[in-house]
Amino acid sequence: MAVGTNSAAKTGKAVPGLAGVPLLGSLFDLKSDSLGTYLRAQHQHGDLVRITAGPPGMRAELYCVFSPAGAQQVLASDAARFRKDNHFYQEVRESFGNGLLTSQDEDYLRQRRLVQPLFTRRRVDGYAGAIAAETASVIAAWGGAPGGIVDVSDEMTHLALRAVARILFGTDVEATAHVVAECFPVITDYVLRRAYSPANVPRHWPTPGNRRAAAAMDELYGVCDRIIAERRRAGNGTATGAATTTGAGAAGEDLLTLLAAARSSDDGEFDAAELRDQVLIFLLAGHETTATSLCFALHLLARHPEQQDRARDEISLVLGGRTPGAADLERLPYLTQVLKEAMRLYPAAPVIGRKAVATTRIGEHTVPEGADVILAPWVTHRHPAYWPDPDRFDPERFTPEAEAGRPRYAWFPFGGGPRACIGQHFSMLESVIALAMILRAYAFEAVDTEIPVGAGITLRTNGPARCRIRRLDTP
């Protein structure tokens with residue numbers, strides 16, 4: 001893909017570098033605390049910093065872009081200069097397939113055109129019933145929580161996985177959710193080890209790690225392939241209507257059936273392997289990101305009882321005793337502000353990587369062709385120029401007036417530009433509905449006041465996120 005060189009690129013200043021140790025640079029800092037290392041780089045050197053890591057001959061150079069203007073340039077205005085060609089995305093691609101998250105060029109454009117009609121607001125709103133049903137099951141199960149304590153990280157992962165599996169697979173949710181829950185951690189840990197290692201053995205070598213990952217992928221792929229084959233044999237690929245508000249359970253209403261039916265005269269249709277790739281990516285992106293947002297929204301509210309009470313008062317006023325639906329998103333502005341603030345402090349995608357395919361000027365500096373480029377919502381969401389007292393939880397940052405006063409890319413938990421997350425409305429729908437139902441049913445008090453986190457494929461908790469819950473008398 002030919003991309004012209006930015007004519008101003010060669011006039012930029014040299015990019016400042018973060019000090020590391022001799023020979024290995026910042027390798028150990030990135031391995032032990034990559035998010036903290038990126039924060040330190042911004043605090044010490046500004047909005048574009050070069051970080052080196054690894055021994056000579058296997059050294060990585062990361063050009064870290066921390067400003068909203070820089071993020072907008074990489075993701076949107078100069079997006080053609082920054083591609084998903086880095087080592088991290090290659091490892092994700094080899095494990096989870098060439099779906100919307102990882103595909104590029106004509107593959108990506110064709111997939112996006114086929115999938116886009118399935119993610120209109122009207123169609124996504126039709127999944128509200130499925131989300132509410134899965135949330136109600138979690139709420140009911142908490143009645144037997146030992147000692148009245150739940151780990152909201154585990155519980156929200158379970159909820160988000162069940163919801164996305166039900167929406168994808170309909171009545172086959174029971175056959176898939178367990179396999180995904182068992183196999184995904186094995187595969188994601190394998191991807192991360194390979195993505196952040198300076199050298200890897202080939203995947204086909206029979207090492208213990210390769211064999212464990214291959215077994216998990218075989219089991220996960222097998223379940224998806226079986227259900228896809230059954231859908232096609234049953235002839236359910238002709239469904240064209242929106243899913244019903246009762247939620248993705250009947251034949252023809254689940255997302256897999258609609259994906260199998262997606263076709264156009266120009267783009268054809270997905271074959272079985274392409275369908276599996278889309279399903280795997282939707283499972284990955286569709287449950288881990290939403291689970292992170294819900295987990296930290298509950299954790300933050302458990303630590304801030306005043307904001308928790310305010311959110312609950314709004315929920316009671318708007319909903320009374322009825323089940324929330326898609327139309328309630330606009331009727332719950334404070335709850336939405338809580339979620340946005342949780343996503344600011346704990347973005348599900350804390351780091352976004354690209355490869356520069358042309359020398360490009362960003363601000364005062366030059367990023368060379370071939371450079372690995374890092375965007376870090378974790379850092380930009382804490383940038384002191386745009387977020388006063390950035391570590392403080394304050395949903396008032398997301399009133400319409402406050403949002404209008406900030407740059408577009410001061411907050412970008414769903415990415416941006418032509419590769420912006422196609423499922424962002426689905427994520428907000430699920431998060432608002434689930435949080436409204438949970439807060440109406442239970443009060444929360446934090447047991448673990450600090451939760452260690454790290455950057456995986458998505459933001460991951462490195463310890464428990466326990467809350468003490470108290471059942472409320474709901475209307």
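This one's a predicted model, so the numbers in the text were calculated from it and none came from an experiment. (Residues numbered from 1 in each chain as written. Predicted model: local features only at pLDDT ≥ 70, side-chain atom pairs only at ≥ 80, totals over all residues. Heavy atoms only, no water.)

Undergrad: Help me understand the sheet that holds strand β14 (residues 466–471) in this model?
TA: In a beta sheet, neighbouring strands pair by backbone hydrogen bonds and run either parallel or antiparallel. With respect to topology, three strands assemble into an open sheet ordered β4-β14-β11, the strand pairing being antiparallel. At either margin of the open sheet sits one strand with a lone partner, and together these are β4 (149–151) and β11 (442–446). Ignoring strand direction, the axes of neighbouring strands in this sheet form an average angle of 40°. By the bridge criterion, five bridges tie β11 to β14 in an arrangement that is antiparallel. When the sheet's bridge partners are listed, alanine 443 is paired in β14 with arginine 470. (Pairing = 2+ DSSP bridges. Helix = DSSP H or I, 4+ residues; strand = E, 2+ residues; numbered from the N terminus. Axes fitted to C-alpha atoms, helices over the stretch in contact; angles between N-to-C directions.)

Undergrad: How should helix α12 (residues 305–319) be read in this particular structure?
TA: Residues three or four positions apart in an α-helix share a direction because the helix packs 3.6 residues into each turn. An ideal rise of 1.5 Å per residue puts 21 Å on 15 residues; α12 measures up with 21 Å between its terminal C-alpha atoms. Along α12, the positions that sit buried rather than exposed are Gln307, Gln308, Ala311, Arg312, Glu314, Ile315 and Leu319. Mapping the buried residues of α12 onto a view down its axis gives an arc of 160°, with all of them on the same face. Looking at α12, the residues exposed on the side facing more than 90 degrees away from the buried face are Pro305, Glu306, Asp313 and Leu317. On its buried face, α12 is in contact with α11 (272–303), α13 (333–345), α16 (424–441) and β11. (Expected span 1.5 Å × (residues − 1). Buried < 20%, exposed > 50% of the residue type's maximum accessible area, 1.4 Å probe, protein only. Arc of directions from axis to C-beta. Contact = heavy atoms within 4.5 Å.)

Undergrad: I would appreciate a short explanation of the packing of aromatic side chains in the present structure.
TA: Two numbers describe a pair of aromatic rings. These are the distance of the centres and the angle of the planes. Throughout the structure, instances matching the rule amount to 11 aromatic pairs. Ring geometry for tyrosine 346 and tryptophan 378: centres 6.1 Å apart, planes at 65°, overall edge-to-face. Of the two residues, tyrosine 346 is situated in the loop between α13 and β7 (352–356) and tryptophan 378 in helix α14 (residues 377–380); the sequence distance between them amounts to 32 residues. Looking at tyrosine 346, the relative accessible area reads 11%, which means it is buried. Overall, the relative accessible area of 9% leaves tryptophan 378 in the buried class. Taken together, Phe88, Tyr89 and Tyr196 form an aromatic cluster joined through their ring pairs. When the ring centre of tyrosine 221 is taken as reference, the NZ or CZ atom of arginine 276 above it lies at 4.4 Å. Sitting over the face of the ring of tyrosine 409, arginine 408 holds its NZ or CZ atom 4.3 Å from the ring centroid. (Phe/Tyr/Trp six-rings, centres within 6.5 Å; stacked < 30°, edge-to-face > 60°. Lys NZ or Arg CZ within 6 Å of the ring centre and 35° of its normal.)

Undergrad: Teacher, can you tell me more about the pattern of salt bridges here?
TA: Side-chain pairs of opposite charge can arise where the charged atoms are in close proximity. According to the stated counting rule, one finds 32 salt bridges in the structure shown. With a closest N to O distance of 2.9 Å, aspartate 389 and arginine 392 form a salt bridge. Here aspartate 389 falls in the partly exposed class, since its relative accessible area comes to 46%. Note on arginine 392: relative accessible area 37%, which makes it partly exposed. A single salt-bridge network, built from bridges that share partners, covers Glu91, Glu94, Arg194 and Arg203. (Salt bridge = Lys/Arg side-chain N within 4 Å of Asp/Glu carboxyl O.)

Undergrad: Is there a simple way to explain the state of the cysteines in this structure?
TA: Joining two cysteines, a disulfide is a covalent bond between their sulfur atoms. This model, assessed by the stated rule, comprises zero disulfides. Left unpaired, cysteine 467 is separated from the closest cysteine sulfur, that of cysteine 295, by 8.1 Å. In this structure cysteine 467 comes out as buried when scored by relative accessible area, which is 0%. (Disulfide = S-S within 2.5 Å.)

Limitation: the analysis is restricted to geometry and does not speak to function.
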